[in-house]
Amino acid sequence: MARSIADVTPAEPQPAAKHRLAAAVAAAGDEILDLSHRIHADPEVAFEEEHAAGWIAEVLARHGFTVERPAGRLATAIRAIRAGGRGGSGPRIGILAEYDALPGLGHGCGHNTMAASGVGAAIALAAIADELPGEIVFLGTPAEERGSGKAIMIADGLFEGIDAALLFHPCDRSHVQSFPLASEDVEVVFHGLQAHAASDPWMGRNALDAMILLFSSVGLWRQQLRTDARVHGIIQEGGTAANIIPERTRAWFMLRSPDQAYYEHLKTRFRELAEAAALATATTVEITFSGGATTMKPNGTLERRWVANAAAYGIVDQGPDPNSGSTDMGNVSWVCPTIHPELAIAPEGTPGHSILFRDAAATPQADETTLLAATLVAQVALELFSDPALVEAAWRDFRGEA
Ligand SMILES: [Zn+2]
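Just so you know, these numbers come straight off a predicted model, no measurement behind them.

### With respect to the overall build of the protein
Helix and strand counts for the protein stand at 12 helices and 12 strands. Relative to the 2.2 N^0.38 estimate, which gives 21 Å for 402 residues, the radius of gyration of the protein is 23 Å and therefore close to what a compact globule would have. Counting only C-alpha atoms and orienting by the principal axes, one finds that the protein spans roughly 80 × 45 × 40 Å. Looking at the protein residue by residue over its 402 residues, the buried ones come to 55%. As displayed, the protein offers around 16100 Å² of accessible surface, 54% of which is attributable to carbon and sulfur atoms. One finds the centroid of the 30 positive side-chain charges in the protein at a distance of 3 Å from the centroid of its 50 negative side-chain charges.

Put into structure tokens, the structure is as follows:
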């Protein structure tokens, strides 16, 4: 973006009101970007985002939101509500934010920009709240990288009555559509029996052998897997010394598929492979599935409004993202109309979940994109607040009606 967001004429409808949203984002720019940089510099992993949640709550309270923290059972979840001043009934538009980091890497997924842009969108809408019906519902959603915090928040009732959920995600390209894979974390623990590895190894039962067998089985299994399925893992405990037969090993796997039914098949087969490895090594196995992220239900109505608003700022949608990971925003998409658009914060080709992407998440380009994302989320929300027919159209899409 060569120009500031406040210099652009936004898309119809209501370009004047949208321009005020852009100006409100620009006016709060320092506050929004300070939040992004603070979160980036202090990465906190899933379920431990205490500083980030505190800072976000502080900014929202300053802008007139009634803040609930924790919201539901997750200590770092936030719900912050600002009622529109027009009274009566109106939609409840969910402005979402993520803020967890990756273990050992930091903000390699750029969630600091999501936190800041979600807060920025909420601040901008708050600036015109007197003219809005309904409620601005900011939802701070922890634990996207592991544990699917949004699934827990859905179970806690925090998405009840929400008419639409909007969440920007940073990327190396810009596209409104992606096809996230159903995904789940699986912890596998093998239990064996210690023995001296040289003097009496026959007395032991080797939990590392079991783990190696499991990885080998998974490797062979890949030939029979559909090409769009993903199975990947790391060994977190592999024994304590070379001269002790390992009595305990632990791995963290992830299973993924774009097809929810096939995904259930993957889980069954994976369990069988782990049990077979235990049987072969006379060890025992514990397999714990985390409860995971689902595939995503697209919403064409909301997608088209995002693309139209983004186009005014020179954003050309690059078509559906062909390389999807997984997100618990998928779970939200089965509860209410949802979009999860991506905008570039880094040069094309920058891999996600990498040091390169982490460093990109605090550059001037990321900052510009964060403010743009805040503006676009607020503008799409404004359209929903202003036009009951648009909300109804999004729900018709959601229900699969023509
Ligand atoms: Zn992410």
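Next comes the rest of the write-up.
### With respect to the coordination of the zinc ion
On the protein side, the zinc ion has C109 (SG), H111 (NE2) and H169 (NE2) as donor atoms, found 2.1 to 2.3 Å from it. Every donor residue of the zinc ion comes from the same chain, spaced as C-x1-H-x57-H. Residue H111 is located in helix 4 (residues 111-127), and its partner H169 is located in strand 6 (residues 169-171); the two are separated by 58 residues in the primary sequence. Each of the two residues, H111 as well as H169, counts as buried.

### Focus on helix 7 (residues 260-281)
Note on helix geometry: an α-helix contains 3.6 residues per turn, so any two residues three or four positions apart are oriented the same way. Between its terminal C-alpha atoms helix 7 stretches 32 Å, which fits the 32 Å expected from 22 residues at 1.5 Å a residue. The complete set of buried residues in helix 7 reads Y262, Y263, L266, K267, F270, L273, A274, A277, A278 and T281. With its buried residues spanning 160° around the axis, helix 7 presents them on a single face. Facing away from the buried side of helix 7 by more than 90 degrees, the exposed set consists of A261 and L279. Looking at the buried side of helix 7, the elements it contacts are strand 7 (182-191), helix 6 (207-221), strand 9 (248-257) and strand 10 (284-289). Its side-chain oxygen 2.8 Å from the backbone nitrogen of A261, D259 forms the N-cap of helix 7. A282 sits one or two positions beyond helix 7 and adopts a positive phi of about 55°.

### Structural notes on the environment of R222
By secondary structure assignment, the location of R222 is in the loop between helix 6 and strand 8 (230-237). Take R222: its relative accessible area is 42%, and that puts it in the partly exposed class. With near-sequence residues (within four places) excluded, R222 lies in contact with V231 and H232. A distance of 2.4 Å separates a polar side-chain atom of R222 from the backbone oxygen of V231.

### A few points about the side chain of E145
Position of E145 among the secondary structure elements: in the loop between strand 4 (135-140) and helix 5 (149-155). Although buried, E145 forms no salt bridge, and the nearest oppositely charged side chain, R256, lies 7.2 Å from it. Within the structure, the side chain of E145 is placed 3.3 Å from the side chain of H111, a separation counted as a polar contact. If sequence neighbours within four positions are ignored, E145 has contacts with D100, A101, L102, C109, H111 and H353.

### Here's the deal with the sheet that holds strand 1 (residues 66-68)
The six strands lie next to each other as 1-2-4-3-5-11, forming an open sheet whose pairing is mixed. Among the strands making up the open sheet, the edge pair consists of strand 1 and strand 11 (338-339). Relative to strand 4, strand 2 (residues 78-83) is paired through six bridges, and the arrangement is antiparallel. Across the sheet, the residue bridging to I78 is G140, located in strand 4. Sitting on the sheet, helix 4 touches strand 2, strand 3 (92-97) and strand 4, and the angle it makes with strand 3 is about 150°.

Criteria and thresholds
Residues numbered from 1 in each chain as written. Predicted model: local features only at pLDDT ≥ 70, side-chain atom pairs only at ≥ 80, totals over all residues. Heavy atoms only, no water. Helix = DSSP H or I, 4+ residues; strand = E, 2+ residues; numbered from the N terminus. Rg over C-alpha atoms; globule rule 2.2 N^0.38 Å. Buried < 20%, exposed > 50% of the residue type's maximum accessible area, 1.4 Å probe, protein only. Areas by Shrake-Rupley, 256 points an atom, 1.4 Å probe, with all protein chains shown as cover. Lys, Arg positive; Asp, Glu negative; His and termini not counted. Charge placed at Lys NZ, Arg CZ, Asp CG, Glu CD. Donors = N, O, S within 2.8 Å, 3.2 Å for Na, K, Ca; no water. Expected span 1.5 Å × (residues − 1). Arc of directions from axis to C-beta. Contact = heavy atoms within 4.5 Å. Polar contact = N/O pair within 3.5 Å; in protein donor to acceptor, adjacent residues only side chain to side chain. Salt bridge = Lys/Arg side-chain N within 4 Å of Asp/Glu carboxyl O. Pairing = 2+ DSSP bridges. Axes fitted to C-alpha atoms, helices over the stretch in contact; angles between N-to-C directions.

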